[in-house]
Amino acid sequence: MNIAVSGCLLGEKVRYDGGDKHDLFITDELGKFAELVPFCPEAVVFGTPRPTIRLVDDKKKIKVLKNNDFTDVTKELQKGVKAELKRLKQMRLSGVILKARSPSCGVGTTKTYSKGGFIEGESYGLFAKAFKEKYPFLPMEEEDRLCDPWFRENFVMQLFAYDAFEQLKASSPKMKELVDFHTRYKFLLQAKDEKSYRELGNVVANHGSLEFGSLLKNYELLFKSAIAKKSSIKRNRNVLEHMAGFFKNELTADEKHTLHEQIEAYANKRVPLIVPLSTLHLYAKKYETEYLLNQVFLAPYPKELALRSHLQSSK
Ligand code: SF4
């Protein structure tokens, strides 16, 4: 899986002051499972070190000005943005992580100023805006938000689901492969959004006898929108209970009690999601419940990332 990342977050010395903003979660944890592809639209055109820049809202038109002498460098930065987008286009990306608050990379957190020098509001950096327009469904996040375990867990789940769909698409699937894919993602989708889950079920059922290429396209758009949504304790709890229902005839009274107690403890924020999930996984193995063992919801990304072990990873 390829993930585009603001170069400074990977430890590259590309910041205006010749420094970096090395992010250890990205390089040392996520980096074990993905190719991290650096970019820096500012270093490409202005070099490093360079004067700082800011976004100025000039009659609703965003301009980029140098902070030292107020030279308008909008066109130059746009060239850097274009060059980096062109380079990244060569790769099959499954996500992008950007540096918060940067005039180029900020995802809605970049300060904009009035011509008089007052802070006007917050906006997308030039690169982030162009990137979002070009890849509207690609998982996109800032490193700052990834410090929050809930954002982190949801984003990583989205990255791996997105990549899995891209792999499916690249394998020239037929209807059977799409149905298998959808079956494996059922509980994950339900945890994201019940409505999307049902709509995707209808697409796969293909009541309108749509030709497979159009059907796959419809599925892709709905799937990528669904995985971009954030899960919640309430929806996760529904999924856990639904999964528990698969063993209702097999579990002993003690096993049932343990499982329901753990689901309750999760719903009341006393234990993290990994607790009831591990028990479900154990019972699925014990009772050879193939359907559950195949559910991506049980292991949506490499377990070494251990993102569901934090109480705060659920809200
Ligand atoms: S332009 Fe983006 S990648 Fe380059 S230094 Fe600034 S924040 Fe980092």
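The preceding data block contains the structure.
Note on numbering: residues in each chain are counted from 1, in written sequence order. Residues qualify for local features only when their pLDDT is at least 70, as the model is predicted, and side-chain atom pairs are given and counted only at 80 or more; totals for whole chains, interfaces and linings, by contrast, use all residues. The basis for the side-chain values is all heavy atoms of the structure; hydrogens and waters are excluded.

**Let's talk about the overall build of the protein chain**
Right, on to step 1. For helices the rule is a DSSP run of H or I covering at least 4 residues; for strands it is a run of E covering at least 2, with both sets numbered from the N terminus onward. From N to C terminus, the protein chain includes twelve helices and eight strands.
Right, on to step 2. For the protein chain, the spread of C-alpha atoms along the three principal axes comes to 75 × 50 × 35 Å.
Right, on to step 3. Long-range contacts, defined here as pairs at least 24 residues apart, represent 67% of the contacts in the protein chain between residues at least 6 apart.
Right, on to step 4. The Shrake-Rupley method, run with a 1.4 Å probe, gives the accessible areas here. Residue values count only the displayed protein chains as cover. Carbon and sulfur atoms make up 52% of the accessible area of the protein chain, which amounts to about 15,600 Å² in all.
Right, on to step 5. Charge convention: Lys and Arg are scored as positive, Asp and Glu as negative, and His as well as the terminal groups of each chain are ignored. For this purpose, a charge sits on NZ of Lys, CZ of Arg, CG of Asp or CD of Glu. Computed over 51 positive and 41 negative side-chain charges, the inter-centroid distance for the protein chain is 4 Å. A contact between two residues is defined here by any heavy atoms of the two lying within 4.5 Å.

**Notes on helix H7 (residues 194-205)**
Right, on to step 1. Expected span of a helix: the number of residues minus one, times 1.5 Å. For H7, built from twelve residues, the straight-helix expectation of 16 Å at 1.5 Å per residue is met to within 8% by its first-to-last C-alpha distance of 17 Å.
Right, on to step 2. Among the residues of H7, those classed as buried are Ser-196, Tyr-197, Leu-200, Val-203 and Val-204. All buried residues of H7 project into a common sector of 120° when viewed along the axis, lining one side. Of the exposed residues in H7, those oriented more than 90 degrees away from the buried face are Lys-195 and Arg-198.
Right, on to step 3. Of the surrounding secondary structure, the elements contacted by the buried residues of H7 are helix H6 (175-192) and helix H8 (212-227).
Right, on to step 4. One or two steps after H7, the chain reaches Asn-206, where phi turns positive at roughly 50°. Classification of residues uses two cut-offs on accessible area relative to the type maximum, computed with a 1.4 Å probe and protein chains only: under 20% is buried, over 50% is exposed, and between them is partly exposed. To obtain the arc, one takes the directions from the helix axis to the C-beta atoms.

**Remarks on the environment of Glu-142**
Right, on to step 1. Mapping Glu-142 onto the fold places it in strand S8 (residues 140-142).
Right, on to step 2. Separated by 36 residues in sequence, Glu-142 and Gly-106 have C-alpha atoms that sit 7.2 Å apart.
Right, on to step 3. Ignoring any residue separated from it by four or fewer positions in sequence, one finds Glu-142 in contact with Ile-97, Leu-98, Ala-100, Arg-101, Gly-106, Val-107, Gly-108 and Thr-109.
Right, on to step 4. Side-chain polar atoms of Glu-142 contact the side chain of Thr-109, separated by 2.5 Å. Any pair of nitrogen or oxygen atoms within 3.5 Å is treated as a polar contact; in protein, a donor-acceptor pairing is required on top of that, and neighbouring residues in sequence qualify only through side-chain atoms on both sides.

**Topic: the nonpolar core**
Right, on to step 1. As used here, the term nonpolar core means buried Ala, Val, Leu, Ile, Met, Phe, Trp, Tyr and Cys residues forming a set that is joined through side-chain atoms within 4.5 Å. Grouped together as the largest cluster of nonpolar side chains are 84 residues, with contacts concentrated most on Tyr-219 and Phe-223.
Right, on to step 2. When residues of this core are assigned to their parent elements, the largest contribution, ten residues, is made by helix H5 (residues 149-170).
Right, on to step 3. When near neighbours in sequence (up to four residues on either side) are disregarded, Tyr-219 contacts Phe-165, Leu-178, Phe-181, His-182, Leu-189, Leu-200, Val-203 and Val-204.

**With respect to the packing of aromatic side chains**
Right, on to step 1. Centres within 6.5 Å are what make two rings of Phe, Tyr or Trp a pair, Trp counting through its six-membered ring; a difference in plane orientation under 30 degrees is then read as stacked, over 60 as edge-to-face, and the rest as tilted. As enumerated under the stated definition, the model contains 17 aromatic pairs in all.
Right, on to step 2. Ring centres 5.4 Å apart and planes at 90° place the aromatic pair Tyr-185 and Phe-223 in the edge-to-face group. One end of the pair, Tyr-185, is in helix H6; the other, Phe-223, is in helix H8, with 38 residues separating them in the sequence. In terms of burial, Tyr-185 and Phe-223 fall into one category: buried.
Right, on to step 3. Taken together, a centroid distance of 5.3 Å and an interplanar angle of 5° make the contact between Phe-246 and Tyr-291 stacked. Taken together, the residues Phe-246 in the loop between helix H9 (233-244) and helix H10 (253-267) and Tyr-291 in helix H12 (residues 290-293) connect sequence positions 45 residues apart.
Right, on to step 4. Clustering of aromatic rings is evident, with ring pairs tying together Phe-165, Phe-181, Tyr-185, Tyr-219 and Phe-223.

Coordinates in, geometry out; function isn't part of it.
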